[in-house]
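# Per-entry structural report
What follows is the residue order along each chain.
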Amino acid sequence: MNKYALATVFAAAAALYGQTGQVSSAPQFTKDGKLVLPKDYREWVFLSSGLGMTYGTPEAARQQNFDNVFVHPAAYRAFVQTGHWPDRTIFILETRAASGKGSINQGGHFQSDLIGLAAEVKDRAHAPEGEWAYYGFGTKAQTAPVLPKTAPCYVCHSQNTAVENTFVQFYPTLLPIARAKGTIKPTYKE
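Listing the buried residues of helix α3 (residues 73-82) in full gives Ala74, Ala75, Ala78 and Phe79. Seen from one end, α3 has its buried residues packed into an arc of 135 degrees, which puts them on one side.

Moving on, we get to the pairing of strand β3 (residues 66-71). With six of six residues buried, β3 lies mostly within the body of the structure. Sheet analysis places strand β2 (residues 45-51) next to β3, joined by six bridges and oriented antiparallel. If you follow Gly50 over to β3, its bridge partner there is Asp67.

On to the nonpolar core. Soluble globular proteins tend to bury their nonpolar side chains together. In terms of nonpolar packing, the biggest core is built from 39 residues, with Trp85, Tyr135 and Val168 touching the most fellow members. Of all the elements in the fold, those that place two or more residues in this core are β3, α3, β4 (89-99), β5 (110-122), β6 (132-138), α4 (152-160) and α5 (175-181). Among the elements that line this core, the one with the most residues is β6, at five residues. What Trp85 contacts, discounting residues up to four positions off in sequence, is Val71, Ala75, Tyr76, Phe79, Phe91, Lys122, Trp132, Val163, Glu164, Thr166, Val168 and Leu174.

Time to look at the packing of aromatic side chains. Counted according to the given criterion, the structure contains nine aromatic pairs. Between the aromatic rings of Phe29 and Tyr135, the centroid separation amounts to 6.2 Å while the plane-to-plane angle is 55 degrees, which identifies the pairing as tilted. With Phe29 in the loop between α1 (3-17) and β1 (35-36) and Tyr135 in strand β6, this pair connects stretches of sequence that are 106 residues apart. Aromatic rings pair up to connect Phe79, Trp85, Phe91, Trp132 and Tyr171 into one cluster.

For the structure on display, the rule yields seven salt bridges. Asp123 is paired through a salt bridge with Arg88; the nearest N and O atoms lie 4.0 Å apart. Residue Asp123 is found in the loop between β5 and β6, and its partner Arg88 is found in the loop between α3 and β4; the two are separated by 35 residues along the sequence. No difference in accessibility class separates Asp123 from Arg88, as the two residues are buried. Between Arg179 and Glu190 there is a salt bridge, and its shortest N-O distance comes to 2.7 Å. With Arg179 in helix α5 and Glu190 in the segment after α5, the pair connects residues that are 11 residues apart, well separated along the chain. Connected through shared salt-bridge partners, Arg42, Glu94 and Arg96 make up one network.

Rules of the game
Sequence order as written defines residue numbering, which begins from 1 separately in each chain. Side-chain atom pairs in this predicted model are given and counted only at pLDDT of 80 or more, local residue features only at pLDDT of at least 70, and totals for whole chains, interfaces and linings cover all residues. Side-chain numbers come from the whole structure's heavy atoms, not from hydrogens or water. Accessible area is worked out with a 1.4 Å probe on protein chains only. A residue is then buried under 20% of its type maximum, exposed over 50%, and partly exposed in between. Each helix corresponds to a stretch of at least 4 residues labelled H or I by DSSP, and each strand to a stretch of at least 2 residues labelled E; elements are numbered beginning at the N terminus. The directions considered for the arc are those from the helix axis to the C-beta atoms. Strands were regarded as paired on the criterion that DSSP finds at least two bridges between them. Among buried residues, those of type Ala, Val, Leu, Ile, Met, Phe, Trp, Tyr and Cys that are joined through side-chain atoms within 4.5 Å constitute a nonpolar core. Two residues qualify as a contact provided that any one of their heavy atoms is within 4.5 Å of a heavy atom in the partner residue. For Phe, Tyr and Trp, where Trp contributes only its six-membered ring, two rings pair if their centres lie within 6.5 Å, and the inter-plane angle classes them as stacked under 30 degrees, edge-to-face over 60, or tilted in between. The salt bridge criterion pairs a side-chain nitrogen of Lys or Arg with a carboxyl oxygen of Asp or Glu, the two atoms within 4 Å.

Rendered as structure tokens:
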């Protein structure tokens, strides 16, 4: 690789990650510390969709909602390279109702109404007592305050995730990368 091509690669990496090695352009916060819902999250990297996944009651499992997970593209590229999520990583969880009747559909389910949006953010400057913080937007909010450290998502994510505080075990294209990079938590159980 000639010196001009190498300089172009370094310039692109610096623009993408900034001078500090952090993901640039995500997440954004209001002056009072609320996370701003990224308007373009549906253009981000789609990691996976789950149907009817629940960690709660059997009644919740019967709802059979779809959970769609998106991650900021720069964070995704960093994970592919290192097996770790860089500071300023943001995931969006979009929950949608599952519908079975509509148009010509005679079986199975498709996604319909928005039920809620949530975010998981790795941002040392905004996380209470750690790296990761969680936010709930509902269906209409454009900003969300950080959930308190007593919210169940903190304990669940710290105890049940495969890589850092993220459910990489449910992202079929990323789990093999984590295995190859050796970044799966020693406490993770399959």
